[in-house]
Structure formats: C-alpha cells, structure tokens
Amino acid sequence: MFDLLVKRANLQDGRSGVDIACLDGKIVDIGPSIEGEAREVVDATGRLVTPPFVDAHWHLDATLLHGNGFTCESGLLYEGINAWAELKQTATVESYKQRARRALGWAIANGLLHVRCQTDICDPQLRQVQALIELREELRPFIDLQLVAFPQDGYFRDPIAVDAMERALDLGMDVVGGIPDYELTAPAGYEAVKTLCEIAKKRGLLVDMHTDQTPDPQSRQIEALTQEAIRLDMGAQVSASHCPSMANFNDYYADKLIGQIAQAGMNICVQPLTAATCWGVMTRVSQLYDAGVNVAFGQDCVMDPWFPFGKGDMLDVAHMAIVFGRLLSEKKKAMVFDSITYGGARALQIEGYGIEKGRNADLVVLQAADPMEAVRLRPNRLAVIRRGKVAARQEAQKASVYLPGQVLELDFTRENVMRSEGVVAHCRHCGGSHDHRH
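Attention in this report is confined to the structure presented alongside it. Residues take numbers from 1 onward in each chain, read along the sequence in its written order. Two thresholds apply to this predicted model, a pLDDT of at least 70 for residue-level local features and 80 or more for giving and counting side-chain atom pairs, whereas whole-chain, interface and lining totals are computed over all residues. Only hydrogens and water are removed before side-chain values are computed, so all heavy atoms of the structure are retained for them.

**A word on the sheet that holds strand β12 (residues 294-297)**
Piece 1. Here a strand pair is declared whenever DSSP counts at least two bridges between the two strands. Only DSSP runs of H or I with at least four residues qualify as helices, and only runs of E with at least two residues qualify as strands; both kinds are numbered from the N terminus onward. If you trace the eight strands from one edge of the open sheet to the other, you get β5-β6-β7-β8-β9-β10-β11-β12, paired in parallel fashion. Looking along the sheet, the strands with just one partner apiece sit at the ends: β5 (53-58) and β12. Neighbouring strand axes in the sheet, compared pairwise and without regard to direction, differ in orientation by 25° on average.
Piece 2. Pairing geometry for strand β9 (residues 206-211) and strand β10 (residues 238-242), over five bridges, is parallel. Note that in β10 the partner of valine 207 across the bridge is valine 238.
Piece 3. Contacts between residues were defined by any pair of non-hydrogen atoms, one from each residue, lying within 4.5 Å. Between the N-to-C directions of two axes lies an angle of 0 to 180 degrees, each axis being a line fitted to C-alpha atoms and, for a helix, fitted only over the stretch in contact. Sheet strands touched by helix α3 (residues 127-138): β6 (112-120) and β7 (144-150). Its angle to β6, the strand with the most contacts, is close to 160°.

In structure tokens:
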C-alpha cells in the first residue's frame, strides 16, 4: 500500500494525466493510471503538480520588520542597510525566531520548501546565527533552510567580521557569504572575494556573494568572483547574487564576462522584486539563459527594512522576473519557472529533488493547469506534500458574479466554464434568500 497517491497531475514539462505514488518519503512510481491502494489520495484533476519552489536568496533574519521607523522610503539599498544596522542592536534570539517562524509558515503554505537564508553575522553575540540554526533544526521536517554566513557590514570593513565569520562557520553555517561592493575600496572588495572563497574551499562549503549591488557599470566584483570559481575549481558551488551592474556593462565586455561565467559553471541568483526598487535594473537574465548559465531567483526581502511587500511566494518573484526582464517568449517564460524550481535546486545543490522515481516525495498541487497559468494567477496551493505527507492545504479559489439573468462561476483559469443558473444566497439588497435571477 502506498502512503500517498497523487492522481491525474499535469507536470511542468508538459506531461498530463500522470499519477505519482509515494512510499516512505520517496516517489516509488510515476505514470498514467497507477494501480494500488493508498492511505491518502490527492486528485489533482488536471492541475499542475510541481516539485517544491526554491528561494535562493532571502534575508530571513530581517523579515516582518517593515514599519515602526524601519521603513526604506527611498527604496535605495543603503537606506535599508542603515535602518537594519539600528534595528539589529536590540533584536533578541527569540524575536528573530518568532518572526522567521511565521514567515516560514507562509512559505510552507505556498509550497516553498527550500530556502537559502542570508544571515547577518556582524553581531558580536551572533544572535541571528543562533536563532536560525535553532529554527533550521526545529522546522527540518517541513522545510529545508540553507544558512549563509553573511558579513552585512563588510568582511574587512567591519572590525568584528573576520572573527565572527569563523565563529559562525564553526557553529554550522552552510554557505560562505560576502558583500565586496560594501568594502571601503574596490581592491578591498576583490581581496574579500579571494579570501572568502579560499575559506569556503578549505571548509568544503558553498559560496554566495552579494555582487555589484549598484547600477554603476564600473563595479566589477563579478569578474573577481568568476576568476576565483575557476581558479579554485569550485564551479557550481559558487553563486553570485544580484549583479545589477551587469545590466549597464558595455555589451562587448558583458558578452565576454557571461562566457566566462558559463565556463566557470557558477550560478547567478537574481532578486527581481528588489532589483526594481533598489536599482531600477535587473541583471542580464536573458543573455545568461542563452549562454547556458544556471539562473536561480530569490525573494530577497519580505516586509523588511528594504521592501514592504511579499508573502513567501516564489510565483510573485517569477511574475516580476518575466515582466521586468521582458522575458516574454514561451521559451524564456518556461526558463523562469525552471529557475524557481530546478534551477534553484541546482544552485543550492539539493539532493533528491524533482518528480522522478526515487526522488523525495515533495510535491505542490496548484490551482492552475500549467506553469504560465500559475505565474499569471499566483493561485492557491491545494496541497503541499513533504516526504509523502500533506503538510499544508488551501481551499480552491472561486467567485460568483451575479449578472442580470446569469451567474458567472469563476476560478479565473482559462478553462473555467461560464454557467447560467440560479443560486440561492442571502441577498444584500433585500435581505432575503432567493433565486438571484431577478
């Protein structure tokens, strides 16, 4: 007997009418009309089923702090950094955990089950680090957190950061972070990239650098990071995040650089929502796709000192990436959806990911027929499945529109059928219950 059987699913690769059988936390069979009993059946009824969404870049320690004096009214990066510097002086381990736990509940409900968390280490007490390490263990049955040791105030610029980095990594952080453009000089930024990559190589850890966080075409830490990825043979272990300056590079130089990034085999992690507010440009996603570079996406900020919106939904991010990046061809739109699923999994090097036999039984059932309908609607997640067990549910969205002689029953999907029929409901006009075909 199966633990769970998902029936009549559409997959993001175009397959339809697919059943997915799960046992002991794994996918044990996939195909049409699987026979066998199951302890629980989820009937997708021709809706899209995907692996979990992946967020490759989220400052979870700052989430839900927007307002109360900590508002970035200009939208600019450094105003947010200044607000965060003031705020983190008084935050406690428990307050970090409480806010992050609530936000991660949103994420789970939205089918986001893998998050790379940028965690500020520029605190003598390492409160953010302690909080998220504890939360990583507490929530491990439901969501995977990959923690970046991120020197927000500069690895060389902040007098405590060098020591704090070692202590944070000793505590069990997963990824070495950096912010080379926040060092006092460009050469110091290049030296930070080199030093931090060598630390990661020595410890066998991944690298994720905030890179060239400016529209200035002269900011070029990305080439230093690419050089280190090649020199140290770290390849897919290295990610460059943000990279907005690349949008304004000379085309000849950009073409050369993107070829080198592809040669290195590294990842580019893009945050479209804050790219729009902080810099007004997003890096060259279309060209990166064309060159075969793995692109992942992240929310970056959810209701924090940098950004006032968000709800832990990677479909918001995909929507902004397509619109802001003008990634409007069918091929590029599909690549964006890949970037919030399989592309993110490649960047985070997640094992057992995907809808294939033998992979982890982690699935999301969406109220949409296909990936682009999901991006358009940002629909309800009818079931979120973690290791073969339903971890979250949402009711199907629906609406009734009462027109003269006609009731439109809507769920906003393309295939939704318009019906003309009477319904019995409480009438706000006359106070009675009756047929609404007046």
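**What to know about the layout of surface pockets**
Piece 1. Computed over the protein atoms alone on a 1 Å grid, cavities are sets of points where a 1.4 Å probe fits but cannot get out and pockets are open sets with protein on both sides within 12 Å along at least five of seven lines; a residue lines them when it has an atom within 4 Å of a point. Grid points are joined across faces, edges and corners, and a volume is the space filled by probe spheres set on the points. In this structure, the largest pocket spans a volume of roughly 310 Å³.
Piece 2. Around the largest pocket, the lining is made up of 15 residues, and of these His114, Asp144, Leu145, Gln146 and Ile350 lie nearest the centre.
Piece 3. Residue assignment for the lining of the largest pocket shows that the elements contributing at least two residues are β6 and β7.
Piece 4. In the lining of the largest pocket, the residues fall into five nonpolar, four polar and six charged. As a working rule, the residues Ala, Val, Leu, Ile, Met, Phe, Trp, Tyr, Cys and Pro are called nonpolar, Asp, Glu, Lys and Arg charged, and the rest polar, with Gly in that last group.

**Things to note about the sheet that holds strand β2 (residues 18-23)**
Piece 1. Strand order in this open sheet of seven strands is β3-β2-β1-β4-β13-β14-β15, and the pairing throughout is mixed. Among the strands making up the open sheet, the edge pair consists of β3 (26-31) and β15 (389-392). Each strand axis lies, on average, 30° off the axis of its neighbour in the sheet, ignoring direction.
Piece 2. Bridging between strand β14 (residues 381-386) and β15 involves three bridges; their strand directions are antiparallel. What sits directly across from arginine 386, in β15, is lysine 389.

**Quick word on the pattern of salt bridges**
Piece 1. We define a salt bridge as a side-chain nitrogen of Lys or Arg found within 4 Å of a carboxyl oxygen belonging to Asp or Glu. With the rule as written, the count across this model stands at 29 salt bridges.
Piece 2. A salt bridge links aspartate 170 to arginine 203; the shortest N-O distance between them is 2.8 Å. In this pair, aspartate 170 is assigned in helix α4 (residues 161-171) and arginine 203 in helix α5 (residues 186-203), connecting sequence segments 33 residues apart.
Piece 3. Under the scheme applied here, a residue whose accessible area is under 20% of the maximum for its type counts as buried, over 50% as exposed, and between as partly exposed, the area being computed with a 1.4 Å probe on protein chains only. Classification of aspartate 170 by relative accessible area gives exposed; the value is 58%.
Piece 4. Put simply, aspartate 316 and arginine 378 hold a salt bridge, and the shortest N to O gap is 3.5 Å. Of the two residues, aspartate 316 is situated in helix α10 (residues 314-324) and arginine 378 in the loop between α13 (371-377) and β14; the sequence distance between them amounts to 62 residues.

**Notes on the pairing of β6**
Consecutive residues of a regular strand have side chains that alternate between opposite faces of the sheet.
Piece 1. With nine of nine residues buried, β6 lies mostly within the body of the structure.
Piece 2. Sheet analysis places β6 next to β7, joined by seven bridges and oriented parallel. Within β7, the position partnered with glutamine 118 by the bridge is valine 148.
Piece 3. Whether a crossover is right-handed comes down to one check: with the strands pointing away from the viewer, does the path from the first strand over the helix to the second run clockwise; if it does, it is right-handed. A crossover connection joins β6 to the parallel β7 through α3; in handedness this β-α-β unit is right-handed.

**What about unusual backbone geometry?**
Piece 1. A positive phi angle is found at cysteine 243, which is not glycine, with a value near 55°.
Piece 2. The backbone of arginine 378 sits at a positive phi, close to 45°, despite the residue not being glycine.
Piece 3. For arginine 378, a relative accessible area of 27% puts it in the partly exposed group.

**A few points about the pairing of β9**
Piece 1. Counting buried positions along β9 gives six out of six residues, so the element sits mostly inside the fold.
Piece 2. On β9, burial covers both faces: Leu206, Asp208 and His210 on one face and Val207, Met209 and Thr211 on the other are all buried.
Piece 3. For the handedness criterion, the β-α-β arrangement of β9, helix α6 (residues 221-231) and β10 is classed as right-handed.

**What to know about the side chain of threonine 211**
Piece 1. Looking at the element boundaries, threonine 211 is found in strand β9.
Piece 2. Not counting residues within four places of it along the chain, the set of residues in contact with threonine 211 comprises Asp181, Gln221, Ile222, Leu225, Ala240, Ser241, His242, Cys243 and Pro244.

**Quick look at the environment of methionine 372**
Piece 1. Relative to the helices and strands, methionine 372 resides in helix α13.
Piece 2. Through-space distance from the C-alpha of methionine 372 to that of glutamate 191 is 43 Å; in sequence the pair is 181 residues apart.
Piece 3. When neighbours within four sequence positions are excluded, methionine 372 is seen to be in contact with Ile322, Lys333, Ala334 and Phe337.

**Notes on the packing of aromatic side chains**
Piece 1. The pairing test for Phe, Tyr and Trp rings, Trp by its six-membered ring, is centres within 6.5 Å, and the orientation test on the planes gives stacked under 30 degrees, edge-to-face over 60, and tilted for anything in between. Applying the stated criterion across every chain yields a total of five aromatic pairs.
Piece 2. For the pair phenylalanine 249 and tyrosine 253, a centre-to-centre distance of 5.1 Å together with 65° between the ring planes defines the contact as edge-to-face.
Piece 3. By relative accessible area, phenylalanine 249 is classed as buried at 3%.
Piece 4. Each ring, one from tyrosine 342 and one from tyrosine 353, has its centre 5.3 Å from the other, and the planes form 85°; the classification is edge-to-face. Of this pair, tyrosine 342 sits in helix α12 (residues 342-348) while tyrosine 353 is found in the loop between α12 and β13 (363-366), placing the two residues eleven residues apart along the sequence.
Piece 5. Taking relative accessible area as the criterion, tyrosine 353 reaches 7% and is therefore assigned buried.

**Here we look at the nonpolar core**
Piece 1. Nonpolar cores were defined as sets of buried Ala, Val, Leu, Ile, Met, Phe, Trp, Tyr and Cys residues, with membership established by side-chain atoms within 4.5 Å. Among the nonpolar cores identified, the biggest contains 101 residues, and Phe53, Trp58, Ile222, Leu225, Met266, Ile268 and Phe297 are the most heavily contacted of them.
Piece 2. Grouped together as the second largest cluster of nonpolar side chains are 19 residues, Val6, Ile27, Val42 and Leu363 included.

**Let's talk about the packing of α10 against helix α11 (residues 330-339)**
Piece 1. For the pair α10 and α11, interaxial distance at closest approach is 10 Å and the crossing angle is 150°. The angle between α10 and α11 falls in the class roughly antiparallel. Two packed elements cross with a definite hand, and for α10 against α11 that hand is right-handed. Only Lys333, Val336 and Phe337 of α11 make contact with α10, whose side of the interface consists of Leu315, Ala318, Ala321 and Ile322.
Piece 2. Broken down by class, the residue content of the contact of α10 with α11 amounts to six nonpolar, no polar and one charged. Relative orientations are named as follows: roughly parallel for angles under 35 degrees, roughly antiparallel for angles over 145 degrees, roughly perpendicular for angles from 65 to 115 degrees, and oblique for any other angle. Here a crossing is taken to be left-handed if its near helix is turned anticlockwise relative to the far helix by less than a right angle, and right-handed if that turn runs clockwise.

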